[in-house]
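Here is how the chains run, residue by residue.
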Amino acid sequence: MATLGLIGSGNIGSTLARLAVNAGLDVVLSNSRGPQTLADLVAELGPHARAATPAEAAEAGDWVVVTVPLKNYLQIPAAPLTGRTVLDTNNYYPERDSRIPSLDAQQSTSSELLQRHLAGSEVVKAFNNIYFGHLTALARPAGAADRTALPIAGDDPAAKDRARTLLDALGFDAVDAGSLAEGWRFQPDTPAYGLPYLAEPGLPFNEDPGSPADAAAIRAALDAAKRPSAL
Ligand SMILES: NC(=O)c1ccc[n+]([C@@H]2O[C@H](COP(=O)([O-])OP(=O)(O)OC[C@H]3O[C@@H](n4cnc5c(N)ncnc54)[C@H](OP(=O)(O)O)[C@@H]3O)[C@@H](O)[C@H]2O)c1
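In this text the structure is predicted, and so the values were computed from the model without any measurement.

A. Region of interest: the pairing of strand 8 (residues 173–176). Here four bridges tie strand 7 (residues 149–154) to strand 8, and the two strands are oriented parallel to one another. Within the sheet, the bridge partner assigned to Ala149 lies in strand 8 and is Asp173. Of the crossover connections in this fold, the one passing from strand 7 over helix 8 (residues 157–170) to the parallel strand 8 is right-handed.

If you want it as structure tokens, here you go:
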């Protein structure tokens, strides 16, 4: 059975773990405080889930999702991720992550920073533009008429294909937004960031039930993106 490794098991990590177990995948969860702190989540997920260290989750995963606050990306273990497809959900929030000059100056995107740190891995930006509650609400089987699409970006076509396979298993179509340098098109403050999946724009995200958005809607949102001015 294929395995999803998770570095970070908070809102997004635990949601992806639930979707993965429902899809028949094994999951290996990790966080910063140690496997023992994930016992309740592992018990909830059942026999296809276990908790480990970040390095063990990295080694176990056919795909590995990095889903930690961006400020901690340099703590992600690079060696055990060598040769692996890494899905990056991280977003830059200066109030949480402190100022990162190369992002403020738009010399880089957050996924390019992670790719630079994980030089031996193939990073694909994914799952960063959707509120975690909407991931749960909008997952659908392949072929469903109301399937939702998520954008992906990456520099390696084969890794993007592998990411697409994972998204499909978890319940989503994928829209290719281009290279990691194009990842800004679905970063915070763009039309593709969170908004396409809202049922009632104006409601707080945690009160909004979610609304499916197909590939055409996501493509239009990506095309409409305008890069905000550099700070
Ligand atoms: N929340 C959303 O709806 C959403 C949607 C899209 C993208 N994102 C982005 O995805 C990322 C994760 O968001 P989240 O809401 O899931 O965050 P979260 O609930 O705060 O969870 C963060 C997880 O990362 C772990 N972590 C922190 N530093 C780590 C390290 N050095 N090594 C291993 N694990 C570490 C934390 O473990 P400990 O608790 O043990 O420290 C925790 O399990 C963020 O960049 C966020 O902006 C969030």
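From this point, the discussion proceeds with the structure in view.
B. The arrangement of the nonpolar core in detail. One finds Leu16, Val27, Leu29, Leu87, Phe127, Leu135 and Leu167 to be the most contacted residues of the largest nonpolar core, which totals 45 residues. At six residues, helix 1 (residues 11–22) tops the list of elements feeding residues into this core. If you look at the next biggest cluster of nonpolar residues, it comprises 18 residues, including Ala58, Ile76, Tyr92 and Leu103.

C. Spatial organisation of the pattern of salt bridges. For the structure on display, the rule yields eight salt bridges. Across the pair Asp104 and Arg99 runs a salt bridge whose closest N-O atoms are separated by 3.2 Å. A relative accessible area of 12% means that Asp104 is categorised as buried.

D. Examining the site of the ligand more closely. Neighbouring residues of the ligand: 25 residues in total, closest Ile12, Ser32, Arg33, Gln75 and Phe132. In this structure, Ser9 approaches the ligand through a main-chain N or O atom, which is 2.9 Å from an oxygen atom. Between an oxygen atom of the ligand and a side-chain N or O atom of Arg96, the distance comes to 3.1 Å. Within the complex, 82% of the 900 Å² of free accessible area of the ligand lies under protein.

E. Structural view of the sheet that holds strand 3 (residues 49–51). Strand order in the open sheet made by the eight strands is 3-2-1-4-5-6-7-8, with mixed pairing throughout. Whereas interior strands pair on both sides, the edge strands pair on one side only; in this sheet they are strand 3 and strand 8. Each adjacent strand pair in this sheet contributes to an overall mean axis angle of 25°, direction not counted.

F. Molecular detail of the pairing of strand 2 (residues 26–30). Burial within strand 2 is extensive, with four of its five residues counted as buried. Bridge count for strand 1 (residues 3–7) against strand 2 is five bridges, and the pairing is parallel. Bridge pairing in strand 2 places Thr3 opposite Asp26. Regarding topology, helix 2 (residues 39–45) serves as the crossover connection from strand 2 to the parallel strand 3, and that connection is right-handed.

G. Just unusual backbone geometry, in detail. Here the phi dihedral of Ser98 falls at roughly 65°; this positive angle occurs in a residue that is not glycine. Relative to the assigned elements, Ser98 resides in the loop between helix 4 (94–97) and helix 5 (101–104). For Phe127, which is not glycine, the phi torsion reads 65° and is therefore positive. Locating Phe127 in the fold gives a position in the loop between strand 6 (122–125) and helix 7 (132–138).

H. Region of the structure containing the side chain of Ser9. Of note, Ser9 is situated in the loop between strand 1 and helix 1. Within polar-contact distance, the side chain of Ser9 engages the backbone oxygen of Ser30 at 2.8 Å. Those residues in contact with Ser9 that lie beyond four places of it in its chain are Ser14, Leu29, Ser30, Leu38 and Leu41.

Rules behind the numbers
- Residues numbered from 1 in each chain as written.
- Predicted model: local features only at pLDDT ≥ 70, side-chain atom pairs only at ≥ 80, totals over all residues.
- Heavy atoms only, no water.
- Pairing = 2+ DSSP bridges.
- Helix = DSSP H or I, 4+ residues; strand = E, 2+ residues; numbered from the N terminus.
- Right-handed = clockwise from strand over helix to strand, strands pointing away.
- Core = buried A, V, L, I, M, F, W, Y, C linked by side-chain atoms within 4.5 Å.
- Buried < 20%, exposed > 50% of the residue type's maximum accessible area, 1.4 Å probe, protein only.
- Salt bridge = Lys/Arg side-chain N within 4 Å of Asp/Glu carboxyl O.
- Near = heavy atom within 4 Å.
- Polar contact = N/O pair within 3.5 Å; in protein donor to acceptor, adjacent residues only side chain to side chain.
- Areas by Shrake-Rupley, 256 points an atom, 1.4 Å probe, with all protein chains shown as cover.
- Axes fitted to C-alpha atoms, helices over the stretch in contact; angles between N-to-C directions.
- Contact = heavy atoms within 4.5 Å.

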